[in-house]
Structures are given as structure tokens and as C-alpha cells.
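# Architecture at a glance
So the chains spell out like this:
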Number of protein chains: 2
Amino acid sequence: MNFTKEQKETLMQLAFDQADLAQQQNEIPIGAVVVDADGNVLGTGYNRRELDQDAIKHAEVIAIQEACAKLGTWRLENCAIFVTLEPCPMCAGAIINSRLAQVYYGAHDPKAGAAGSVVNLFTVEKFNHHPEVFPGLYEGKASQILKDFFGAIRQKRKAAKDLKKN
Amino acid sequence: MNFTKEQKETLMQLAFDQADLAQQQNEIPIGAVVVDADGNVLGTGYNRRELDQDAIKHAEVIAIQEACAKLGTWRLENCAIFVTLEPCPMCAGAIINSRLAQVYYGAHDPKAGAAGSVVNLFTVEKFNHHPEVFPGLYEGKASQILKDFFGAIRQKRKAAKDLKKN
């Protein structure tokens, strides 16, 4: 698979749009899209952990499940995933299990990243699948979205605290 | 959490029953149950990857999602999971994400086990949750179920090959 710069920009923008849908519902803004080798969208997802009160509902898992349903197979061998944040272990495992060929991600996750930041599940030799990984795609924007989200939460908390004091 | 020997046997048997449901439908026989601190069943699951053509549908994920739905929260902090096979990276990640307190598993998985056999995600210091892990519960039976399943598949394949030759 060989996406052009324009395709990568467009597909990452779709992942950002998904993150935005999460943010609009006060979820941590993380978005993902699964596409075929021509860049056609097969699945989209955004973090819905709080909305659904479901620990599994990360952006990547939702997008992968939608893509599996669309193609009628659990094997996404000729497909790629674009995601705004480095996958956690569960999502990296889901990517391995679904045989996705390529992983493009935005921000690094120093707390839970499983594509190199904390562990790297994509390079474990014994596993039966090793996707190509393209880290740091539009990383600045990807990081900023999360910084802004958590910054706003801190500000709200501080404002609530100050209000309590007075 | 401190289950008695009898509770552990009963709960592991429920996981075996789930594995049996998978086997009856020609799925790799893996089963899981999520229980609360008193051993009440909150969720059950068996491998449905082929049935649903969905890479995410491992026994553990299904049981965790059912438990989250039952309790109305993604936090399964006072709960345990019993599973017939060592969790893969996706399922180990799902266990971490759902904050399950304890993991009991049967057979080790030398190809994809993420509780020590290939990697150990439960002891990674940087991750924000570290469940207690009890490996090898009824390991003999747990291994035998899988050996029998794959043995039967090999036999069927051989029989089909022999039939073609004659």
C-alpha cells in the first residue's frame, strides 16, 4: 500500500473529524478510520468509553469492527488504519488480530502507547502479524487536540474549586 | 478477592462450558466469564471470530462488554475474569482497560500469550493497572480441549486428502 501525501492528509483529517465527534460529547478526543488499499473508508470510530460505559469502546476497535462487518471478514489484510493517538495495548492487539497491513498514528502516548512509547507489540517476533507502522503523522495537531481537551478540563475543575472557596 | 477452591472450580467450569459452546459451532474453543467479588457471574463469552467474522470477538472481550453493560460502568474494579486460555495482547489490554482485579487462566499460549508466554502486559510498570494473575488453573483440561480440537481438524484434513488421492 502506498498512499500519496494528499491521501494521507485526507484520511488523517477524517480521523481528526472522528476525534472531534468524541470531543463534542465530552469524550477524550481520539478518532480512527480503517481504509482499503485505495483509501476507501471501510470503518470509522471514536472513543466512546464514557458514553457507552464500555472499556472496549476505543476508536480503533470500533473502526475495525465496522470494517470487518463491511467486508464480511475478520481479515483486514489489505487495509490500513489511521488513528489520532498511538494505540494502547488492547488496540495494538486488535490491529494484530485483524491483520491490518499499515498503522498511521498522530500523537505518541507516553503513558499507554503500545507502538513504541511504553511497549512495542508490533515488533514482537513471535506474533504472527507485523503491520508497517508510520508514527507521528500530523503529530503537532494530534497532540494539541489532546492538550487542549485536558487543559479545558483542568480549567473547569479550577474554576469549580475557586467558586467553592468564595 | 479471595475465592475458595470450590468457587474457582465452579467458575472455571463455567469458562469451560463457554469454550464448549464455541466448539459446538466449530470455533476454536476458548471461553471466559467475568464475576464479581462474590463469584456472581456478570458476563460470559466464547470465541466468535469465525461465526461473526469479527477480529475483536474473543471470549474475554465479549465477557467484559457484557459485564460492563450489566454494571453500567466500564470500571470492573472489584471483578475477576476466568478464561480457559492465556489472554492475547488485545484481551490482556482489555483486561487492563477495564481494571479487572484478578485474572485466572487455564492453558498457556506459547504463540500469542500476553501474560508471560510471549510478553507480559500485566507487569509493565508504566501501565496504570496491574491485575493479580493466577496462571495454569485446570491447565491440563484447558490444554487438552485445544489439543483435541486441533487434532480433530488435522484428522479431517488428512481424511479429505486421502479421499482425494483414492
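The following refers to the structure shown. Quick caveat, the model's predicted, so the values are computed rather than measured.

### Concerning the packing of aromatic side chains
All names here are of chain A.
- All told, the structure shown has 10 aromatic pairs over all chains when counted by the stated rule.
- Summarising the aromatic geometry, the rings of Phe82 and Tyr104 are spaced 4.3 Å apart at their centres and angled 5° between planes, so their arrangement reads as stacked. Of this pair, Phe82 sits in strand β3 (residues 79–85) while Tyr104 sits in strand β4 (residues 102–107), and the two are 22 residues apart along the sequence. Here the two residues Phe82 and Tyr104 agree in accessibility, since each one is buried.

### Some remarks on the relation of the copies chain B and chain A
- Expressed as a screw operation, the relation of chain B to chain A combines 0.0 Å of axial shift with a rotation of 180°, fitting to an RMSD of 0.0 Å. Seen this way, the second copy is the image of the first under a two-fold rotation axis. The rotation axis passes nearest to the C-alpha of B:Met90 in chain B, at a distance of 2.0 Å.
- The overlap is high: 100% of the interface residues of chain B also sit at the interface in chain A, so the same surface is used on both sides.

### Structural notes on the pairing of β4(A)
All names here are of chain A.
- Across the six residues that make up β4, a large majority, six, are buried.
- The sheet contact formed by β3 and β4 spans five bridges and is parallel. When the bridges of β4 are listed, Ile81 appears paired with Val103.
- Handedness of the crossover is the feature at issue here: the chain leaves β3, passes through helix α4 (residues 89–97), returns alongside β4, and the resulting connection is right-handed.
- Relative to strand β5 (residues 132–134), β4 runs parallel, the two sharing three bridges. Along β5, the bridge assignment pairs Val103 with Val133.

The rules behind these values
- Residues numbered from 1 in each chain as written.
- Chains lettered and ligands numbered in written order.
- Predicted model: local features only at pLDDT ≥ 70, side-chain atom pairs only at ≥ 80, totals over all residues.
- Heavy atoms only, no water.
- Phe/Tyr/Trp six-rings, centres within 6.5 Å; stacked < 30°, edge-to-face > 60°.
- Helix = DSSP H or I, 4+ residues; strand = E, 2+ residues; numbered from the N terminus.
- Buried < 20%, exposed > 50% of the residue type's maximum accessible area, 1.4 Å probe, protein only.
- Least-squares fit on C-alpha atoms with pLDDT ≥ 70 in both.
- Contact = heavy atoms within 4.5 Å.
- Pairing = 2+ DSSP bridges.
- Right-handed = clockwise from strand over helix to strand, strands pointing away.

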